[in-house]
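An overview of the molecular structure
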Amino acid sequence: MKYLQFLWCLLVAGPVRAQAPTVGPAVSGSGPAVSVEVSQVHSLVRFVETLAGGSGGHAGSRRAFEKSRFNTPTARRWLRRYQRLDYEPGFDREGYPTGRLGSVGSTMPAYLAASADAQDLADLQRRTVGLLPNEVLVSLDSVYRYFTPAFDTLAWQPHAAELRQLRTVYAQYLGQQQLMRKFGQLRTFYGSVWPDALPYRIQLNPQLDAGKDFTNHAWVSGNVVLLDCHPTSRDFVGGSAVVFHEMSHSLSAQQQRGLQQQLERWYLGSTSPNRRYAYNLMEEALATVAGEWIYAQQTGQPETGEWYHDDYINRYAHALYPLMTGYVERGQPIDSLFVSQAISTFDQVFPRAATEYVNLFRNVLYWTNAADYSAAVLAFRDQFRSNYTRTLTPILASSKGIEMAQSGEFLPVVIVTRENKATLKYLRQQLPALQAVRLRPEQNFVLSIMGPDGPVILVNTHEEKQLSAAAELLKQQGHLDAKRPLLLLK
């Protein structure tokens, strides 16, 4: 995201009170169609995923739950059970470049679409039979039923009526502004396969934190747009940069396979030492420009100030805006000249890219033997934004871990919390970057070092609660420091 929930759990929580999903009128034009929808079952599914720290969840909503009376030791045990479920089995798509959004797939888009159509939790099970093992479906049902009272109190009852009003108004706005027609121009630039008849389904979910903006958090899974919003806001102009930013990621994922392969060759065939970093940042930078271009179609110019709450992405998107929007407005697909100019721009804007953590954590491999590997990874995800992550466990005798750590495609973050002596010995034998360093297994430390295949971060602790301190220490340090590679944890 593995645990089988016992049948008795079905008996201790009442059924969810669901209402039929409400769907706004479809909006179309010379671009993909779009509908705006509100579904109680879908919102419940998203609520639980958010509480568990899922990558698509809104951190502000999770923090609101954590401050509520529903955040009890029992609730946290239920969330740990949920995290251990294999509810999002993934697979690699052959022939797509590693690290691109199109290279991996999962059952999640189909599951989320089923949740948006489901009348109640029993109907969700019926719609997803065969998509996941029955033991997983039964366990998910138990978790959803447990969290239904919290969901009703915090998210649904206070906001359901407002969400339905918002659905109608937002669908009308999208049609009046013809934003999907503009989005069709972005589809041409990306070289994406996305038929007009395949609609985007925007699912409205309430943001539980305070705010006056329409939204500052969205996520796309397949053709489902998971839109966390403040239901009383009508700041659709400001929110459009966020919504269409995320929708542009789906265009990137559905880019023609041959073009994806060409893009990888164009980027990695460059002579620039920053070619891989520019390639890794491509997804977010282009999506940010896309969102701002949609914003400018409504106001005449892009937003002033910060476009993205990340210094690298923000500065790179500002620098690329004239180049990319010129292509979009000419109806010109991305090509080798664009890539060459984009890499040159990256070199000029980021001369220290090879050592700064905010850049290195873009593509990260979390390789750990922590008992609760989801919580271990979450400690670092709370500090560093990643565009692409992989998690592997265990460490000992893992040929796949060694292969990926030495590939140069990821920043390996190796997290050791058990069997420290044997694990550190194994790692020193397998990773050349560690062989010149004396590692004391009894110490709690963070080691950041440059090796022959690139930087490696090794975290050695004896209590998993120390992982948050390790992540915070790296955040404070900011960059790989050759003079202080080893930092002790208190």
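Everything numeric in this text was worked out from a predicted model, so none of it was measured.

1. Considerations on the packing of aromatic side chains
For the coordinates displayed, the defined rule picks out 29 aromatic pairs. Centroid distance Tyr 170 to Phe 214: 4.9 Å. Interplanar angle 55°. Geometry classified as tilted. Of the two residues, Tyr 170 sits in helix 6 (residues 134-177) while Phe 214 sits in the loop between strand 6 (200-206) and strand 7 (217-221), which places them 44 residues apart along the sequence. Take Tyr 170 and Phe 214: they sit in the same class, and that class is buried. One aromatic cluster is present, formed by Phe 47, Phe 65, Trp 78, Tyr 146, Phe 147, Phe 151 and Trp 156 through successive ring pairs. Taking the ring centre of Trp 78 as reference, the NZ or CZ of Arg 81 above it sits at 5.0 Å.

2. Focus: the domain arrangement of the protein chain
Per the domain assignment, the segments making up the protein chain are domain 1 (34-254), domain 2 (257-349) and domain 3 (357-488). Computed over C-alpha atoms only, the centres of domain 1 and domain 2 are separated by 26 Å. Tallying the contact residues gives 30 residues for domain 1 and 33 residues for domain 2. Roughly 2,500 Å² is buried in total at the junction of domain 1 and domain 2, and carbon and sulfur atoms are behind 62% of that figure. For the domain 1 face of the interface with domain 2, the top three residues by lost area are Arg 100, Phe 189 and His 245, together amounting to 28%.

3. Some words on the pattern of salt bridges
Within the structure shown, the criterion is met by 14 salt bridges. Here Glu 66 makes a salt bridge to Arg 62, at a shortest N to O gap of 3.4 Å. With Glu 66 and Arg 62 both in helix 2 (residues 59-66) and 4 residues apart, this pair spans about one turn of that helix. A relative accessible area of 11% places Arg 62 in the buried class. Connected through shared salt-bridge partners, Glu 37, Asp 117 and Arg 201 make up one network.

4. Quick word on a positive patch on the surface
A cluster of basic residues, Arg 76, Arg 77, Arg 80 and Arg 84, forms a positive patch at the surface. The topology assignment puts Arg 76 in helix 3 (residues 73-84). Among the residues examined, Arg 76 registers a relative accessible area of 35% and is labelled partly exposed.

5. Some thoughts on the sheet that holds strand 13 (residues 454-460)
The sheet built from 6 strands is open, its strands ordered 10-9-11-13-12-14 with mixed pairing. The open sheet is flanked by strand 10 (388-392) and strand 14 (486-488), the only strands paired with a single partner. Recorded for the sheet is a direction-independent mean angle of 15° between the axes of neighbouring strands. Across 5 bridges, strand 9 (residues 363-368) lies against strand 11 (residues 411-416) in parallel orientation. Paired with Val 364 across the strands is Leu 411, a residue of strand 11. Across the face of the sheet, helix 14 (residues 373-381) comes into contact with strand 9, strand 10, strand 11 and strand 13 while running at roughly 145° to strand 9.

6. Considering the nonpolar core
Counting 127 residues, the largest nonpolar core has Met 324, Phe 361 and Phe 380 as its most contacted members. Per element, the largest residue contribution to this core is 17 residues, and it comes from helix 6. In terms of nonpolar packing, the next biggest core, distinct from the first, is built from 24 residues, Phe 410, Leu 424, Leu 434 and Leu 439 among them.

7. Structural notes on the layout of surface pockets
Unfilled space is identified by rolling a water-sized probe across the atoms. Roughly 440 Å³ of volume is contained in the second largest pocket. Forming the boundary of the second largest pocket are 21 residues, of which Arg 62, Glu 66, Gln 83, Ala 375 and Leu 378 lie nearest the centre. When contributions to the lining of the second largest pocket are tallied by element, the ones reaching two or more residues are helix 2, helix 3, helix 14 and helix 17 (467-477). Residue classes in the lining of the second largest pocket are distributed as 9 nonpolar, 4 polar and 8 charged. Shared between two domains, the lining of the second largest pocket takes at least three residues from each, and those domains are domain 1 (34-254) and domain 3 (357-488).

Criteria and thresholds
Residues numbered from 1 in each chain as written. Predicted model: local features only at pLDDT ≥ 70, side-chain atom pairs only at ≥ 80, totals over all residues. Heavy atoms only, no water. Phe/Tyr/Trp six-rings, centres within 6.5 Å; stacked < 30°, edge-to-face > 60°. Helix = DSSP H or I, 4+ residues; strand = E, 2+ residues; numbered from the N terminus. Buried < 20%, exposed > 50% of the residue type's maximum accessible area, 1.4 Å probe, protein only. Lys NZ or Arg CZ within 6 Å of the ring centre and 35° of its normal. Domains from an automatic or database assignment. Contact = heavy atoms within 4.5 Å. Buried area = accessible area lost by both parts, 1.4 Å probe. Salt bridge = Lys/Arg side-chain N within 4 Å of Asp/Glu carboxyl O. Patch = residues over 30% accessible without salt bridge, like charges linked within 9 Å, V, L, I, M, F, W, Y side chains within 5 Å. Areas by Shrake-Rupley, 256 points an atom, 1.4 Å probe, with all protein chains shown as cover. Lys, Arg positive; Asp, Glu negative; His and termini not counted. Charge placed at Lys NZ, Arg CZ, Asp CG, Glu CD. Pairing = 2+ DSSP bridges. Axes fitted to C-alpha atoms, helices over the stretch in contact; angles between N-to-C directions. Core = buried A, V, L, I, M, F, W, Y, C linked by side-chain atoms within 4.5 Å. 1 Å grid on protein atoms, 1.4 Å probe; cavity = no way out; pocket = protein on both sides within 12 Å on 5 of 7 lines; lining within 4 Å. Points joined across faces, edges and corners; volume = space filled by probe spheres on them. Nonpolar A, V, L, I, M, F, W, Y, C, P; charged D, E, K, R; others polar.

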